[in-house]
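# Descriptive analysis of the structure
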Amino acid sequence: MEIALQAISKAYDGVDRPAVSKVSASIASGEFFFLLGPSGCGKTTLLRLVAGLIRPTSGGIAFDGEDVTELPVDQRGTALVFQGYALWPHMTVLENVEFGPRMSGASRDARRRVAMEQLERVQMAEFAQRKPNQLSGGQQQRVALARALAAGTRCLLFDEPLSNLDARLRLHMRDELKTLVKETGVTAIYVTHDQKEALSMADRVAVMNDGEIVQLGTPEEVYSQPATRFVADFLGEANFLGGAVAASGDAVRVTTTAGEIMVSSRTAPDVGSKVQCCVRPEHVRIRAADEGPDPSLENALEATIVSSVYLGDVRQYVCRLGDGADGEWRVAELSQNAHRFEPGQPVLATFAASSVAVLRT
């Protein structure tokens, strides 16, 4: 099912700022689409609008080209999967999954067949006669998904479904849930504030702030080329350095007080524009100052090691750029590959032009 959000807004009486403001997006059939943002950004409100639980103040929603803006919940073909699972404790697993087909008037044999097919799909058939309180959190999540699929839904709506799981199980369920959703072929919209969930599972991510989508793209696009400083900060650690575009064309240069930075031409605005250069810590490599620049990388800024922290798989450094007036940068290097640098040691922070995202100020 293809979903189109058409300048949709939701405002509440007595609240100055709308919860959702003129959001437009197209979600392809079979796409695993994520709404990502901090608490209060409007992502859950947008999900509830798609589900039909609340009505928009303005704008519209279309499913496969059909306007469903005023259509009630039970006629939309969507199913919500909550973080609390919402399984009926007095019913067995099988009875929970049968509930949707039973409400649709399916015969006993037909609904049992559909329920068992979906339980087989999520590898929970052997638990059909158990009660929800006899299952682990991950098993309950699978049952909730099977129940949604058995109801004949064309679109799954996930509201932070993994937040109740412990960290280890949450990691396991990311891959499992993505596989299950893609195997079904249904369209899915997933709300989360967890950046790693979105980056590891999504086909595309809509980053939201203050009721608006501030960037929409693949996980690689929104992480490597953030459109705004908010996106860069929200999606992980980032280093920033202000400057102005000095040259464009094949060789794009940004002049900063810490030195000149070469930038990929696809990200650079017009000459003279004030910009912020953004570089992720894992894209920076440190070299001893007396080694000179790495000829394979276009950029090298003079810096001094402030501190280092060993974290097992990586070693994190804090470097002070130039004379310190330009602030500090963080660098993350794989521990097994990294030469150890000591506080106070002069170094070069080196990175490729393609690793620089240019943000307008």
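Summarised in this report is the structure supplied together with it. Treat the numbers as computed from the prediction; the structure is a model and nothing was measured.

So, on to unusual backbone geometry. The phi dihedral of K22 is positive, around 50°, even though this residue is not glycine. Along the chain, K22 falls in strand β2 (residues 20-27). With a phi angle near 60°, Q123 is a residue other than glycine that sits in the positive phi range. Structurally, the position occupied by Q123 is in the loop between α3 (108-121) and α4 (137-150).

To continue, consider the pattern of salt bridges. Note that side chains of opposite charge can pair when their charged atoms are close. Under the definition given, this model contains 14 salt bridges. In this structure, R55 and E70 form a salt bridge, with 2.8 Å as the shortest nitrogen-oxygen distance. In this pair, R55 sits in the loop between α1 (43-51) and β4 (58-63) while E70 sits in the loop between β5 (66-67) and β6 (78-82), placing the two residues 15 residues apart along the sequence. For R55, a relative accessible area of 36% corresponds to the partly exposed category. E98 is paired through a salt bridge with R112; the nearest N and O atoms lie 3.1 Å apart. Taken as a pair, E98 in helix α2 (residues 93-103) and R112 in helix α3 lie far apart in primary sequence, 14 residues in all. Of the residues examined, E98 reaches a relative accessible area of 5% and is grouped as buried. For R112, a relative accessible area of 33% gives the class partly exposed.

Now for the environment of G243. Structurally, the position occupied by G243 is in strand β11 (residues 239-247). Owing to a relative accessible area of 16%, G243 belongs among the buried residues under this scheme. Apart from the residues within four sequence positions on either side, G243 is in contact with V254, T255, T256, S273, K274 and V275.

Let us now look at the side chain of S335. Note on placement: S335 falls in the loop between β18 (328-334) and β19 (346-351). Accessibility expressed as a relative area gives 19% for S335, which makes it buried. Among the polar contacts made by the side chain of S335, one reaches the main-chain carbonyl oxygen of V314 at a distance of 3.2 Å. Not counting the four nearest positions on each side in its chain, S335 is found in contact with Y310, G312, D313, V314 and R315.

Let us look at α4. Its 14 residues place the ends of α4 20 Å apart at the C-alpha level, agreeing with the 20 Å of an ideal helix rising 1.5 Å per residue. Once α4 finishes, G152 follows within two positions and takes phi at roughly 80°, a positive value.

Conventions we followed
Residues numbered from 1 in each chain as written. Predicted model: local features only at pLDDT ≥ 70, side-chain atom pairs only at ≥ 80, totals over all residues. Heavy atoms only, no water. Helix = DSSP H or I, 4+ residues; strand = E, 2+ residues; numbered from the N terminus. Salt bridge = Lys/Arg side-chain N within 4 Å of Asp/Glu carboxyl O. Buried < 20%, exposed > 50% of the residue type's maximum accessible area, 1.4 Å probe, protein only. Contact = heavy atoms within 4.5 Å. Polar contact = N/O pair within 3.5 Å; in protein donor to acceptor, adjacent residues only side chain to side chain. Expected span 1.5 Å × (residues − 1).

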